[in-house]
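# Results of the structural survey
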Amino acid sequence: MVMTRLGTWSFAFVFAIASGPLAAAAAHPEVLVVYNATSADSVAVARYYAAKRQIPSTNLCAISPPANDIISLPAYTDSVKAPVQACLNAVGANSILYIVFSYLTPYALSGAPPYTAAVDSYVADIWDAYQPRPWTYGPTHVHGYYGDSQNQGNVYASFQPLAAYRASPNAALIYSVWRLDGATAAVATGLVDLAMEAEGQGGPSGQGCFDLQYGPAASQPDWGANSGDWDIHAAAVLLGQTGIPVTEDDHSQEFGTAPAPLSCPDTAFYTGWYSYNNYNNGFTWQPGAIGWHLDSASALNPRGGANWSANALLSGITVTTGSVAEPFLQGLVRPAGTFRNLLAGATVGDAF
């Protein structure tokens, strides 16, 4: 599944795809599943996920958007925001932690001033508890659940489960938003199966591959664009300390293009950058694999095109994230903190 983080920018889109954040055995009344009532495939994917994860049928939420990809801000307000708010009120808005969009539901807003924005980012704050919408440029402050870090100084916020944050005094009523999506309905339902297969074996099994852009991280300050390299490098260090095999490349070329490694066999974990709107098919994704690419068009269209997320999904990745429009580096999911949260025992629904 994939989560939309409330980013530093209005057009930040954290698009994570997999069936988690859920353990297989228990029932999950804390999940709301949103589907497109005008699409039989969307309904089928939602029902499949709900059955596999034992999500109550009362937590299935129908919307009827005018399009299944990009919609206007007024259309979002009428056909997504209002019905999802009604569903939340029906089951108890405070009882829901995770909102999961099924296949063929809208993923982007056009004309959300002044840029394209992610549906998921808006839904994460559907009550405008964090910042009223529409944003004129980006949020004016960091929301309360964001875990900041400074990689060069090895300083990270302690992990806190979303449920614990939401139970704390004065916490904003925000949600972890994910979606089951991809090129086909089979890809979308396959995410459920891949995640559950990985859970059954104790998590993804394989190596981590990490792809820097500007050379060894230690040779540069953790500032500006270099902070992307530091985040990726720190993620590699954290995973390596657990005994997970790690391949770290500091060539400007990416995995799949010489002189960088031409492949990353048995890929369980990945982050890297930077080629725009591009996917190098150099990975062998293992069940439950978690990975994303830091570029401004990384999830431009999760169902097709040249972008990284769509092609990683087609190739078998389980959890990914990306941006539907320019987020700047500050609006993308930060690798080191995310992997650190996972190593601390976080579900993917909270780690991102």
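The preceding data block contains the structure.
What this report covers is the structure whose coordinates are included nearby.

Rules behind the numbers
- Residues numbered from 1 in each chain as written.
- Predicted model: local features only at pLDDT ≥ 70, side-chain atom pairs only at ≥ 80, totals over all residues.
- Heavy atoms only, no water.
- Disulfide = S-S within 2.5 Å.
- Helix = DSSP H or I, 4+ residues; strand = E, 2+ residues; numbered from the N terminus.
- Buried < 20%, exposed > 50% of the residue type's maximum accessible area, 1.4 Å probe, protein only.
- Salt bridge = Lys/Arg side-chain N within 4 Å of Asp/Glu carboxyl O.

Summed over the entire model, instances satisfying the criterion amount to two disulfides. Between the sulfur atoms of Cys-61 and its disulfide mate Cys-87 the distance is 2.2 Å. Classification of the bridge connecting Cys-61 and Cys-87 rests on its S-S torsion, roughly 85°, and on that basis the disulfide is right-handed. Of this pair, Cys-61 sits in strand β2 (residues 60–63) while Cys-87 is found in helix α2 (residues 73–91), placing the two residues 26 residues apart along the sequence. Its relative accessible area of 0% is what places Cys-61 among the buried residues. The disulfide partner of Cys-209 is Cys-264, and the gap between their sulfur atoms is 1.8 Å. Across the S-S bond of Cys-209 and Cys-264 the torsion is about 90°, and the bridge reads as right-handed. Of the two residues, Cys-209 sits in strand β10 (residues 207–211) while Cys-264 sits in strand β12 (residues 264–272), which places them 55 residues apart along the sequence.

Within the structure shown, the criterion is met by seven salt bridges. We note a salt bridge from Asp-120 to Arg-179, for which the minimum N-O separation is 2.6 Å. On the criterion of sequence distance, the pair formed by Asp-120 in helix α3 (residues 119–124) and Arg-179 in strand β9 (residues 176–179) is long-range, its members being 59 residues apart. Among the charged side chains, a network of salt bridges with common partners joins Asp-120, Arg-179, Asp-181 and Arg-303.

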